[in-house]
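# Commentary on secondary and tertiary structure
Now for the letters of each chain:
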Amino acid sequence: MSIPVLTFFNNKGGVGKTSLIYHLAWMFASLNKRVIIADLDPQANLTASFLDEDRIESIWNSPQPGSTIYQSVKPLTGVGDIAPPIYQEVIPGLYLLPGDVALSSFEDTLSTEWPQSMGDHNLYRPMRILTAFWQALQMAARETSADIILVDIAPNLGAINRSVLLATDFVAIPLGADLCILC
Ligand SMILES: Nc1ncnc2c1ncn2[C@@H]1O[C@H](COP(=O)(O)OP(=O)(O)O)[C@@H](O)[C@H]1O
Ligand SMILES: [Mg+2]
């Protein structure tokens, strides 16, 4: 059985996606729900709201297989398999899969495999790449016995986001309250 994935998305930035996930994560934890938070925005703002600078610096400067989501899926760009994600415990029951500026480089791999996945032969590699985020998220959720996975993504319609949406059960679209031009 897969663990439900709730992704916050809007093609517009600055509408409160990251802030909402941050607060919801704490609220779920306070209700005794076990939560995985996955930062799939290469700007990694959500990661910066949970971890201090020294911690982030050590994660990014000494990459290990699985130490960020990017490090989990990176082996797929060669001949390797997904590295089990290493999660950061914020408090017991609340776990973060850290974001990574390097995740942007996975965009090219996904863009290449996307059209191949619609071909009529040898779909094994394209499907492995396109479902990589789903695999990594579910692995982490199983490992931590999570009840829900909350995912933050960047404001664009690129291949990373499309692939995350493939891995998603529910999408929340926060809307910014802009000035009304008719008021
Ligand atoms: N409910 C809110 N009311 C007012 N300001 C907010 C609210 N939620 C977020 N913000 C502020 O809006 C800005 C953008 O929020 P952020 O969560 O980073 O948006 P996004 O992830 O969609 O880019 C931040 O400065 C944040 O502090
Ligand atoms: Mg954000």
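For the structure, see preceding data.
Predicted model, so just to flag it, every value in this text is computed and none were measured.

Within this structure, the stated rule accounts for two salt bridges. Here Asp81 makes a salt bridge to Arg128, at a shortest N to O gap of 3.4 Å. In this pair, Asp81 is assigned in the loop between helix H4 (69–73) and strand S3 (88–91) and Arg128 in helix H6 (residues 124–130), connecting sequence segments 47 residues apart. Residue Asp81 is classed as exposed on the basis of its relative accessible area, which comes to 51%. Residues Arg125 and Glu113 are paired through a salt bridge, measuring 3.2 Å at the closest nitrogen-oxygen approach.

On to the pairing of strand S4 (residues 94–97). Because side chains alternate across S4, one face comprises the buried residues Leu94 and Leu96, and the other comprises Tyr95 and Leu97, equally buried. Of the pairings in the sheet, the one linking S3 to S4 comprises three bridges and is antiparallel in character. By the bridge assignment for S4, Glu89 is matched with Tyr95. Two successive antiparallel strands, S3 and S4, enclose a turn made up of two residues, where Gly93 displays a positive phi of approximately 95°.

Inspection of the secondary structure puts Glu57 in helix H3 (residues 53–61). For Glu57, a relative accessible area of 46% translates into the label partly exposed. Residues Glu57 and Gln138 lie 81 residues apart in sequence; the distance between their C-alpha atoms is 26 Å.

A word on the side chain of Ser117. Take Ser117: it is sitting in the loop between helix H5 (106–116) and H6. Polar contacts involving the side chain of Ser117 include one to the main-chain carbonyl oxygen of Trp114, which spans 2.6 Å. Excluding its chain neighbours within four sequence positions, the residues that come into contact with Ser117 are Leu123, Pro126, Met127 and Leu130.

How each quantity is defined
Residues numbered from 1 in each chain as written. Chains lettered and ligands numbered in written order. Predicted model: local features only at pLDDT ≥ 70, side-chain atom pairs only at ≥ 80, totals over all residues. Heavy atoms only, no water. Salt bridge = Lys/Arg side-chain N within 4 Å of Asp/Glu carboxyl O. Helix = DSSP H or I, 4+ residues; strand = E, 2+ residues; numbered from the N terminus. Buried < 20%, exposed > 50% of the residue type's maximum accessible area, 1.4 Å probe, protein only. Pairing = 2+ DSSP bridges. Polar contact = N/O pair within 3.5 Å; in protein donor to acceptor, adjacent residues only side chain to side chain. Contact = heavy atoms within 4.5 Å.

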